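# What the coordinates show
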Amino acid sequence: MNDRLHHGFLKQASAADLLQHYQAGATFFASPRRSLLAHGVKVVMPPCEPGQIAANAAAWLKEAGREGLPPAVLMGVLPFRLDGSSASPYLYMPQQLASGAGVDSAVAALNPAGQTTGAQLSTPPLMQPTPEGYRDNVRSALAAIRDTRFAKTVLSRSLTLDAQIDIPALLQRLAARNLRGYTFAVDLAEAEKDGAHRTMIGASPELLLARYGRELVSHPLAGSIPRSADPVEDRRRADGLLQSVKDLHEHALVVDAVAAAMRPYCKNLKVPATPSLLATPTMWHLGTEVRGELADLATTSLEVALALHPTPAVCGHPAAPAAKFIADTEGFDRRYFAGLVGWCDSQGDGEWAVTLRCAEVGSGSATLYAGAGIVAGSEPQLELLETSAKLRTMLAAMNLELMLEDEQVKAAS
Ligand SMILES: C=C(O[C@H]1C=CC=C(C(=O)O)[C@@H]1O)C(=O)O
């Protein structure tokens, strides 16, 4: 990293500067407010019980803050299931850290040279489950909802491609197309000692939790519809989403759970009565920005983020039976998908996004993920199409967006 960038928090660096300095093996995280680029691993937080993660991280950051050596910042990615997953919580302090401004329009101008992928796939992608298997899973979820086992669950799919991915180019394209999102790339080499080199990369639209001083913000999303290229149809879909009883119910379950989890940490909590529309290039979502005033400055962003995780936006409601249904039904390990990714500093400030619209990229292959919330009134085919539209965030950035145009992609049986 050049000297201009690597001395702690140089505010004059832009998000576009940092993206251009990103190389595979580094960690990058950007929000509309701030961007971070970390090189090298100083120390990895030792494994511990899930319930101890926040307290251990806080003690660790306090200690590092006392040493007074920048950067006392911890970065990382945590899996959907904090235990019982093949992926482990990964939090570390980097050797070098550059901080820049939030993502701005200069990022939109980034146009990395060359192919993002070897766009020709050497073998057909592997879908888990198959499209029919996914519709069957939705039908089983609807039966469980009728039996009142839970009110909502979230079912996802994965898509594994054999392709050589140029990770820095992919990251730039993701950031350029998703200016209002949370773009990230976390190198997993130190997280998993199996010798394979993997990166968790994506552009999430969903803020799990940010803390800046006493300001706490969460922006849960739930209730979605794919965008249309036709502006009239696109508007019709957005308006329909705002009126959809099924989607408003799906959304309310998430907002209520987020507000209930934030409330104990807050002096005041503002929860808008109705959701707003949030657009990504591929999707319309219902979103509600929940804002609180933190009661105790000793509470870190990671502690509150972990108190929220997993929200019903990625798991369901109530959480325990919904999570059991996912584990029994989905048919693959979500690993870091639907987990949390971000940073926390020694003041406790930080930003944690939900790990969505993402892929785990290895050498010569990538696994993409997408899910959809299932409530009474969900239709199996529409939920399948919703996951296809969500997969397009990554596929488009890889120049592979036509791949899902028909469901002829050879599926794993
Ligand atoms: C699980 C995903 O989306 C969640 C976040 C936003 C909207 C969602 C929905 O409308 O179903 C999902 O709850 C995903 O993008 O893979």
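Residues numbered from 1 in each chain as written. Predicted model: local features only at pLDDT ≥ 70, side-chain atom pairs only at ≥ 80, totals over all residues. Heavy atoms only, no water.

With the rule as written, the count across this model stands at 5 aromatic pairs. Measuring from centroid to centroid gives 6.4 Å for phenylalanine 29 and tyrosine 182, while their planes differ by 35°, and the two rings are tilted. On the criterion of sequence distance, the pair formed by phenylalanine 29 in strand 1 (residues 27-30) and tyrosine 182 in strand 7 (residues 182-187) is long-range, its members being 153 residues apart. You'll find phenylalanine 29 and tyrosine 182 in the same group, each marked buried. A centroid spacing of 5.2 Å and a plane angle of 5° characterise the contact between phenylalanine 337 and tyrosine 369, whose relative ring orientation is stacked. (Phe/Tyr/Trp six-rings, centres within 6.5 Å; stacked < 30°, edge-to-face > 60°. Helix = DSSP H or I, 4+ residues; strand = E, 2+ residues; numbered from the N terminus. Buried < 20%, exposed > 50% of the residue type's maximum accessible area, 1.4 Å probe, protein only.)

The buried fraction of strand 6 (residues 152-162) is high, at 9 of 11 residues. Bridge analysis of strand 5 (residues 126-128) against strand 6 gives 3 bridges, and the strand direction is antiparallel. Residue leucine 126 lies in a different strand from strand 6, and its bridge partner there is threonine 160. As paired strands, strand 6 and strand 16 (residues 316-317) are joined by 2 bridges and run antiparallel to one another. Pairing of lysine 152 across the sheet is with histidine 317, part of strand 16. Two strands pair when backbone bridges link them, and strand 6 and strand 20 (residues 365-375) are joined in this way by 11 bridges, in the antiparallel orientation. Bridge pairing links aspartate 162 to serine 365 in strand 20. (Pairing = 2+ DSSP bridges.)

This paragraph deals with the site of the ligand. The environment of the ligand is formed by 17 residues, the closest being Ser224, Ala313, Arg357, Gly371 and Gly373. One of the backbone N or O atoms of glycine 223 is found 2.9 Å from an oxygen atom in the ligand. Between glycine 371 and the ligand, the recorded distance is 2.7 Å, taken from a backbone N or O atom to an oxygen atom. For the ligand, whose unbound accessible area comes to 390 Å², protein coverage reaches 99%. For the shell around the ligand, the secondary structure elements donating two or more residues are strand 11 (221-226), strand 20 and helix 11 (380-397). Here the residues of the shell around the ligand are counted per class, giving 7 nonpolar, 5 polar and 5 charged. (Near = heavy atom within 4 Å. Polar contact = N/O pair within 3.5 Å; in protein donor to acceptor, adjacent residues only side chain to side chain. Areas by Shrake-Rupley, 256 points an atom, 1.4 Å probe, with all protein chains shown as cover. Nonpolar A, V, L, I, M, F, W, Y, C, P; charged D, E, K, R; others polar.)

As a further point, take helix 3 (residues 53-67). In this model helix 3 runs 21 Å from its N-terminal to its C-terminal C-alpha over 15 residues, within 8% of the 21 Å that 1.5 Å per residue would give. Looking at helix 3, one finds that the buried residues are Ile53, Ala54, Ala57, Trp60, Leu61 and Ala64. Looking straight down helix 3, one finds that the buried residues subtend no more than 130° of arc, so they occupy a single side. For helix 3, the exposed residues set more than 90 degrees away from the buried face come down to Lys62 and Arg66. Here the buried face of helix 3 lies against strand 2 (34-44), strand 3 (73-78), strand 4 (90-101), helix 9 (301-308) and strand 17 (340-345). (Expected span 1.5 Å × (residues − 1). Arc of directions from axis to C-beta. Contact = heavy atoms within 4.5 Å.)

In the UniProt entry, the feature "domain: Chorismate-utilising enzyme C-terminal" (unreviewed entry) is given for residues 132-390. Overall, residues 132-390 shows 34% helix and 34% strand. The separation of its end C-alpha atoms is 18 Å. (UniProt positions renumbered as here; feature names shortened; annotations may be inferred.)

Right, let's talk about the side chain of serine 218 for a bit. Among the structural elements, serine 218 can be located in strand 10 (residues 215-219). A residue is classified by how much of its surface remains accessible, and serine 218, at 1% relative accessible area, is buried. If we ignore the near neighbours within four places in the chain, the residues touching serine 218 are Leu207, Leu208, Leu209, Val258, Met262, Thr288, Glu289, Val290 and Leu308.

Of all 11 residues in helix 6 (residues 167-177), 9 are buried; the element is thus mostly enclosed. Buried residues of helix 6: Ile167, Ala169, Leu170, Leu171, Gln172, Arg173, Leu174, Ala175 and Ala176, and no others. At the N-terminal boundary of helix 6, the capping side chain belongs to aspartate 166, with an oxygen 3.2 Å from the backbone nitrogen of alanine 169.

With the exception of glycine, the majority of residues adopt a negative phi angle, and the majority of peptide bonds are in the trans configuration. Cis geometry marks the peptide bond from glutamine 128 to proline 129; its omega dihedral reads -15°. Structurally, proline 129 is set in the loop between strand 5 and helix 5 (131-146). Even without being glycine, alanine 338 reaches a positive phi, approximately 70°. Within the secondary structure layout, alanine 338 lies in the loop between helix 10 (319-329) and strand 17.

Attention now moves to the sheet that holds strand 11. Taking strand neighbours across the sheet as the criterion, the 3 strands line up as 11-14-13 in an open arrangement whose pairing is antiparallel. Lying at the two open borders of the sheet, with one neighbouring strand each, are strand 11 and strand 13 (276-279). With strand direction ignored, the average angle separating the axes of adjacent strands in the sheet is 30°. Examined bridge by bridge, strand 13 and strand 14 (residues 283-287) share 4 bridges and lie antiparallel to one another. Paired with serine 276 across the two strands is glycine 287, which belongs to strand 14. Packing of helix 7 (residues 231-243) onto the sheet brings it into contact with strand 11, strand 13 and strand 14, and relative to strand 14 it is tilted by some 25°. Sheet strands touched by helix 11: strand 11 and strand 14. Its angle to strand 11, the strand with the most contacts, is close to 90°. (Axes fitted to C-alpha atoms, helices over the stretch in contact; angles between N-to-C directions.)

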